[in-house]
Amino acid sequence: MRASPPMTTSGEEVDYALRVSDLGKSYVKADGTGFRLQQVTMDLPMGYIMGLIGPNGAGKSTLIRLLLNMTRRDSGAISILGRDPSSQEEEVKADLGVVFDSIYFLEAWKVKAVEPVMAPMYPSWSSDRYQDYLRRFGLQENRKIGKLSRGMQMKLMLAVALSHDARLLILDEPTSGLDVLARDELMDILLDYIGDGRHSVLFSTHITADLERVADFVTYINRGSVFYTGPKDELMEAFQIVRGGPDDLARAQMPHLMGLQRSATGFEALVPTERLKDFLASASPAAVEPSDGRYLVERADFDNIIRLTAGSPSATDRNKEMES
Amino acid sequence: MKAIAKQIRLDMQRFSGTGRPWVGVLIYMSVPCIGILLNLVMALTGNDGEDARTALTGAVAGMGIGLIVGQVFGLFADFNNMAIRLNGLLPITRDHQVFGRYAAVILLVLVQSCGYAVFFFYTTDSFLHGRDHWHDTVLFALGLFLLESLLFAVATPLFYWLEPVKAMIVFLALLGLVPIMVLIGSLLPVDWGTFWNSIMQFLTSDLWRPVLLGLALILAVEMVSIVLSRKVYVRKEI
């Protein structure tokens, strides 16, 4: 996958685009409630795409703000392209491209005002590349930024992020509010972008279909803690969804499941693949084979995993117990 | 230095509102140009019309006050959520952002003061009446520079510390203290007229004295303001 050794603008070789260990941050929200991001650890190797998923308020945006040094960490360490963003902020940010969920340029500016502001900021800014992206995205230079649609504003931020050869792209909910064509286009751009093995992408999203298409790695944050971080396929294979009737769930099965949702017509349980046999064997009477019609078992997708674990504060702890 | 220069450039672009510095240049150049133009027209028509000069001086002074207020309000735009998020991702450290911001503001205020000094030189009564208008012009420019620098020195840490709306309210409240203090002062059994006259006499007897004292005051106030801004901005959660 790698065409050349991954290097930063200063020429250093790096194996990891991003390394986070035991990151912690706590603060009081505007509504007076507290929030705590605790012991976040994750690694993104150079040349890959990592998706950051989790329910609203899980801590994804806080994590991104910590990575960007927009907020101070209480504990832990961050290494972006082999550097600490606190002590080497300028060097790190020169190699970063950022797309937020809403525009960060002044809305009174016209599109053509962006390049004179941004170009001097980055030593590796390419005007040709920027103009290419404007054309490719259909961004008219005389339009006011405030008058652009949300999708076009996102494309403008992306054009800026891609025009200075950012080694790591950080995107916070870039696809929310975009139609399927625009999302597809963005995903294609991201895949092109990492194609040379010298660039990496970290993006948070609620639209897990995008993630399934392009992500190599996934970090799932739930209630401020990392529920899972690692290769996407391992997470997909790690859980099964078991569906059954209202009376088909025995008390003895409960310790084997990670998440549960009941309804009038039955239940839906998230079961770690390695515990599936135990779960089925604990049924009363035992149903070792899922095909006997009592249970419907299928591989869990991201939405299932998030839906069935987000409400449970113990799910994260249980996942950690299982990992250890 | 490079990072500070980047921040100055960014602030200049922001000041122009449209991202084009020539708009800002036009605004700043308008005042001295009006002064020179007015003087030219009056010289050509042989009309030394003091009334017209006074009226125009008033209008330009009003424009100057408007520009100062506009610049302070411009801090709203610079510290709103969008702009501050942009600050958070640019490759400029927070310290350099603060230094660059102060350098940009001082530069703007200096240019504006010089512009008004040109206007003052060409249109005021001291020119007509053959007084030492160089002396008056320097004092006028210095006074303007001092006043604007003080306003920014007070306003900027507030904007780094608080949300823009709250910062503006506190700033206006602080400005509101000035007439209250004047009112209280007028009630005290002190002959303020004599007091101020003696100060002004001391300051204006030589040109170097007010210039040195003024610059020293600006430097001290800006230093304190920079220290406060750095302290609050470093801890600010963007």
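Treat the numbers as computed from the prediction; the structure is a model and nothing was measured.

## Brief notes about the overall build of chain B
Logical step 1: Of the regular secondary structure elements, chain B holds 10 helices and 0 strands.
Logical step 2: The helix and strand sequence of chain B, counted from the amino end, reads α-α-α-α-α-α-α-α-α-α.
Logical step 3: The burial tally for chain B puts 29% of its 238 residues in the buried class.

## A closer look at the overall build of chain A
Logical step 1: Along the backbone of chain A there are 11 helices and 13 strands.
Logical step 2: For chain A, with 324 residues in total, the buried portion stands at 44%.
Logical step 3: For chain A, restricting intrachain contacts to residue pairs at least 6 apart in sequence, the fraction spanning at least 24 positions comes to 71%.

## Quick word on helix 8 (residues 164-187) of chain B
Residues spaced three or four apart along an α-helix face the same direction, because each turn holds 3.6 residues.
Logical step 1: For helix 8 of chain B, which comprises 24 residues, the first-to-last C-alpha distance of 35 Å matches the rise-based estimate of 34 Å (1.5 Å per residue) to within 8%.
Logical step 2: Among the 24 residues that make up helix 8 of chain B, 1 are buried, leaving the element largely open to the surroundings.

## What to know about the confidence of the model for chain A
Logical step 1: Of all residues in chain A, 89% have pLDDT values of 70 or greater, and the mean over the chain is 85.
Logical step 2: Per-residue pLDDT stays below 50 along residues 1-5 of chain A; that stretch engages in 9 contacts with residues further than four places along the chain or on separate chains.

## Structural notes on the nonpolar core
All names here are of chain A.
Logical step 1: Met-157 and Leu-168 are the most contacted members of the largest nonpolar core, which totals 97 residues.
Logical step 2: It is helix 5 (residues 150-163) that provides the largest number of residues to this core, a total of 8 residues.
Logical step 3: The residues touching Leu-168, leaving out its near neighbours within four places in the chain, are Ala-17, Leu-18, Ile-80, Leu-81, Asp-95, Leu-96, Ser-200 and Leu-202.

## Examining the sheet that holds strand 1 (residues 16-28) of chain A
Residues and elements named next belong to chain A.
Logical step 1: Overall, antiparallel pairing links the 3 strands, which are arranged 2-1-4 in an open sheet. Two strands close off the open sheet at either side, each with one partner strand: strand 2 (34-45) and strand 4 (75-80). Adjacent strand axes in the sheet meet at a mean angle of 15 degrees when their direction is disregarded.
Logical step 2: Direction of pairing for strand 1 relative to strand 2: antiparallel, over a ladder of 9 bridges. The residue bridging Lys-25 from the neighbouring strand is Leu-37, located in strand 2.

## Quick look at the environment of Ile-194 of chain A
Residue and element names in this part refer to chain A.
Logical step 1: With respect to the secondary-structure elements, Ile-194 resides in the loop between helix 6 (180-193) and strand 7 (200-204).
Logical step 2: The buried category is assigned to Ile-194, around which 20 C-beta atoms lie within 10 Å.
Logical step 3: Filtering out sequence-adjacent residues up to four positions away, Ile-194 remains in contact with Gly-47, Tyr-48, Ile-49, His-199, Ser-200 and Val-201.

## Looking at the sheet that holds strand 9 (residues 225-231) of chain A
Sheet strands pair by backbone hydrogen bonding; their relative direction is either parallel or antiparallel.
All names here are of chain A.
Logical step 1: Taking strand neighbours across the sheet as the criterion, the 6 strands line up as 5-6-7-3-8-9 in an open arrangement whose pairing is mixed. On the outer flanks of this sheet lie strand 5 (96-99) and strand 9, each paired with one strand and no other. Direction aside, the axes of adjacent strands within the sheet are offset by 15 degrees on average.
Logical step 2: The strands touched by helix 1 (residues 60-67) are strand 3 (49-53), strand 6 (168-172), strand 7 and strand 8 (217-222); relative to strand 6, the strand with the most contacts, the crossing angle is about 145 degrees.

## Considerations on the packing of helix 5 (residues 94-123) of chain B against helix 7 (residues 133-161) of chain B
Residues and elements named next belong to chain B.
Logical step 1: With their axes 9 Å apart at the nearest point, helix 5 and helix 7 run at an angle of 150 degrees to one another. Regarding the angle of helix 5 to helix 7, the classification is roughly antiparallel. The two elements helix 5 and helix 7 cross, and the hand of that crossing is right-handed. Seen from helix 5, the contacting residues are Arg-101, Val-105, Ile-106, Val-109, Leu-110, Gln-112, Ser-113, Cys-114, Tyr-116, Ala-117, Phe-120 and Phe-121; seen from helix 7, they are His-133, Thr-137, Phe-140, Ala-141, Leu-144, Phe-145, Glu-148, Ser-149, Phe-152 and Thr-156.

## A closer look at the packing of helix 7 of chain B against helix 10 (residues 208-235) of chain B
All names here are of chain B.
Logical step 1: Closest axis-to-axis distance for the helix 7/helix 10 pair is 9 Å, and the angle between their directions is 10 degrees. In terms of axis orientation, helix 7 runs roughly parallel to helix 10. Listed contacts from helix 10 to Val-138, Leu-139, Leu-142, Leu-146, Ser-149, Leu-150, Ala-153, Thr-156, Pro-157, Tyr-160 and Trp-161 of helix 7 are Pro-210, Val-211, Gly-214, Leu-217, Ile-218, Val-221, Glu-222, Ser-225, Leu-228, Ser-229, Val-232 and Tyr-233.
Logical step 2: In terms of residue class, the contact of helix 7 with helix 10 is made up of 17 nonpolar, 5 polar and 1 charged.

## Examining the interface of chain A and chain B
Logical step 1: Between chain A and chain B, the contact holds 22 residues from the first and 23 residues from the second.
Logical step 2: Counting residues per element, the ones that place at least two in the side of chain A that touches chain B are helix 2 (89-94) and helix 3 (114-118) of chain A.
Logical step 3: Looking at the side of chain A that touches chain B element by element, the count peaks at 4 residues for helix 2 of chain A.
Logical step 4: Here the side of chain A that touches chain B is built from residues that sort into 17 nonpolar, 1 polar and 4 charged.

## Considering unusual backbone geometry
All names here are of chain A.
Logical step 1: Unusually for a residue other than glycine, Leu-81 sits at a positive phi of about 50 degrees.
Logical step 2: Structurally, the position occupied by Leu-81 is in the loop between strand 4 and helix 2.
Logical step 3: By the C-beta count within 10 Å, which is 27 here, Leu-81 ends up buried.
Logical step 4: With a phi close to 55 degrees, Asp-165 is a non-glycine residue in the positive phi region.
Logical step 5: Tracing the backbone through its elements, the reader meets Asp-165 in the loop between helix 5 and strand 6.

## Description of the pairing of strand 3 of chain A
Residues and elements named next belong to chain A.
Logical step 1: The element strand 3 is largely enclosed, with a buried count of 5 among its 5 residues.
Logical step 2: The alternating pattern of strand 3 places Ile-49, Gly-51 and Ile-53 and Met-50 and Leu-52 on opposite faces, both of which are buried.
Logical step 3: Pairing of strand 3 with strand 7, which is carried by 4 bridges, proceeds in the parallel orientation. Bridged to Gly-51 within strand 7 is Phe-203.

## So, the environment of Phe-203 of chain A
Residues and elements named next belong to chain A.
Logical step 1: Structurally, the position occupied by Phe-203 is in strand 7.
Logical step 2: Along the chain, Phe-203 and Val-218 lie 15 residues apart, while their C-alpha atoms are 9.6 Å from each other.
Logical step 3: Ignoring anything within four residues of it in the chain, the contact list for Phe-203 reads Gly-51, Leu-52, Leu-171 and Pro-174.

Reading the values: the criteria
Residues numbered from 1 in each chain as written. Chains lettered and ligands numbered in written order. Predicted model: local features only at pLDDT ≥ 70, side-chain atom pairs only at ≥ 80, totals over all residues. Helix = DSSP H or I, 4+ residues; strand = E, 2+ residues; numbered from the N terminus. Buried ≥ 20, exposed ≤ 12 C-beta atoms within 10 Å, placed from the backbone. Contact = placed C-beta atoms within 7 Å. Expected span 1.5 Å × (residues − 1). pLDDT = per-residue confidence, 0-100. Core = buried A, V, L, I, M, F, W, Y, C linked by C-beta atoms within 7 Å. Pairing = 2+ DSSP bridges. Axes fitted to C-alpha atoms, helices over the stretch in contact; angles between N-to-C directions. Parallel < 35°, antiparallel > 145°, perpendicular 65-115°, else oblique. Left-handed = near helix turned anticlockwise from the far one by under 90°. Nonpolar A, V, L, I, M, F, W, Y, C, P; charged D, E, K, R; others polar.

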